[in-house]
Amino acid sequence: MATERTLSIIKPDATRRNLTGQINARFEGRGLRIVAQKRLQLTKAQAEGFYAVHAERPFFNDLVSFMISGPVVVQVLEGDNAVAANREIMGATNPANAAEGTIRKDFAESIEANSVHGSDSAENAANEIAYFFAQTEIVG
Ligand code: RTP
Ligand code: MG
């Protein structure tokens, strides 16, 4: 299997409830390594830029407000098929549809406040990682 990297964000609903360690344990327990990590208060411009692909969606303004409502933890996860592996660990966007044992099933509050973000393709992962991290901040 191919070693890959993906961008993960622990969202404000999860940092507010002090779940960072429990979420990281899910990643590490499934073989993903946290090769970069920092806690940030996103600016509105940073959140809008990150979610620019969703700019025309009806939930965009609410999503940006939510993402700047408290600290986030941005991180780079590395491992076999990390993009797909992380999506599986996260579970479906809407916690009502998320499988048993996933982060969103166990922790998410709503379809918006759903505890984590994970890149959805290798190409987006590369762009999203570069959005938050310099190469020198990633130590594999
Ligand atoms: P993410 O990008 O955060 O990993 O989540 P995702 O791929 O599962 O979901 P996506 O469709 O990319 O949506 C990005 C984030 O927007 C919020 N959302 N709100 N109110 C709504 O109907 C709605 N739909 C999506 C969620 O926080 C979602 O993770
Ligand atoms: Mg997405």
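Residues numbered from 1 in each chain as written. Chains lettered and ligands numbered in written order. Predicted model: local features only at pLDDT ≥ 70, side-chain atom pairs only at ≥ 80, totals over all residues. Heavy atoms only, no water.

Labelled according to an unreviewed UniProt entry, the chain appears under the name Nucleoside diphosphate kinase, originating from Tistrella bauzanensis. Note on the chain: under the UniProt heading Cofactor (unreviewed entry), the record states "Mg(2+)". Its UniProt record gives the chain the following Function (unreviewed entry) comment, quoted word for word: "Major role in the synthesis of nucleoside triphosphates other than ATP. The ATP gamma phosphate is transferred to the NDP beta phosphate via a ping-pong mechanism, using a phosphorylated active-site intermediate." (UniProt positions renumbered as here; feature names shortened; annotations may be inferred.)

*Asks:* How do you make sense of the site of ligand 1 when you look at a structure like this?
*Replies:* What surrounds ligand 1 is a group of 14 residues, the closest being K11, T93, E112, N114 and H117. Within the contact set of ligand 1, an oxygen atom lies 2.3 Å away from a side-chain nitrogen or oxygen of T93. Side-chain polar atom of N114 to an oxygen atom of ligand 1: 2.9 Å apart, as the coordinates give it. Isolated, ligand 1 exposes 560 Å² of accessible area, and the fraction of that covered by the protein chains is 81%. Breaking the shell around ligand 1 down by element, the ones donating at least two residues are α5 (82–90) and β4 (116–118). Each residue belonging to the shell around ligand 1 can be placed in one class, and the counts come to 5 nonpolar, 5 polar and 4 charged. (Near = heavy atom within 4 Å. Polar contact = N/O pair within 3.5 Å; in protein donor to acceptor, adjacent residues only side chain to side chain. Areas by Shrake-Rupley, 256 points an atom, 1.4 Å probe, with all protein chains shown as cover. Helix = DSSP H or I, 4+ residues; strand = E, 2+ residues; numbered from the N terminus. Nonpolar A, V, L, I, M, F, W, Y, C, P; charged D, E, K, R; others polar.)

*Asks:* What's the story with the sheet that holds strand β1 (residues 3–10) in this structure? I'm lost.
*Replies:* Picture the strands of a sheet paired through backbone hydrogen bonds; they go either parallel or antiparallel. Spatially, 4 strands are ordered β2-β3-β1-β4 in an open sheet, and the strand pairing comes out antiparallel. For this open sheet the edge positions go to β2 (33–40) and β4, each flanked by a neighbour on one side alone. Here the strands of the sheet are splayed against their neighbours by 20° on average, with no regard to which way each runs. Pairing between β1 and strand β3 (residues 72–80): 8 bridges, direction antiparallel. Each bridged residue has a counterpart across the sheet, and for T6 the counterpart in β3 is L77. (Pairing = 2+ DSSP bridges. Axes fitted to C-alpha atoms, helices over the stretch in contact; angles between N-to-C directions.)

*Asks:* Please clarify how helix α7 (residues 122–132) should be interpreted in this entry.
*Replies:* Residues three or four positions apart in an α-helix share a direction because the helix packs 3.6 residues into each turn. For α7, every residue scored as buried is listed here: A125, E128, I129 and F132. Burial along α7 is one-sided: seen end-on, the buried residues are contained in an arc of 105°. Opposite the buried face of α7, at more than 90 degrees from it, the exposed residues are E123, N127 and A130. Close packing links the buried residues of α7 with β1, β2, α3 (44–50), β3, α5 and β4. (Buried < 20%, exposed > 50% of the residue type's maximum accessible area, 1.4 Å probe, protein only. Arc of directions from axis to C-beta. Contact = heavy atoms within 4.5 Å.)

*Asks:* Whenever I open this one, the UniProt feature "domain: Nucleoside diphosphate kinase-like" (unreviewed entry) in the chain confuses me. Can you help?
*Replies:* What UniProt calls "domain: Nucleoside diphosphate kinase-like" (unreviewed entry) maps, in this numbering, to residues 3–140. For residues 3–140, the helix share is 40%, the strand share is 20%, and the end-to-end C-alpha distance is 11 Å.

*Asks:* When you look at the UniProt feature "active site" (unreviewed entry) in the chain in this model, what are you seeing that I'm missing?
*Replies:* When the UniProt feature table is mapped onto this chain, "active site" (unreviewed entry) is found at H117. Within the fold, H117 resides in strand β4. According to the relative accessible area criterion, H117 is buried, its value standing at 11%. What H117 contacts, discounting residues up to four positions off in sequence, is L7, S8, I9, K11, F50, Y51, N86, M90, R104 and E128.

*Asks:* It is not clear to me how α5 should be interpreted in this structure. Could you clarify?
*Replies:* Looking at α5, one finds that the buried residues are A82, V83, N86, I89 and M90. The arc that holds the buried residues of α5, viewed along the axis, is 130°, so those residues lie on one side. Looking at the buried side of α5, the elements it contacts are β1, α2 (20–29), β3, α6 (103–107), β4 and α7. Two residues or fewer past α5, G91 is found with a positive phi of approximately 90°.

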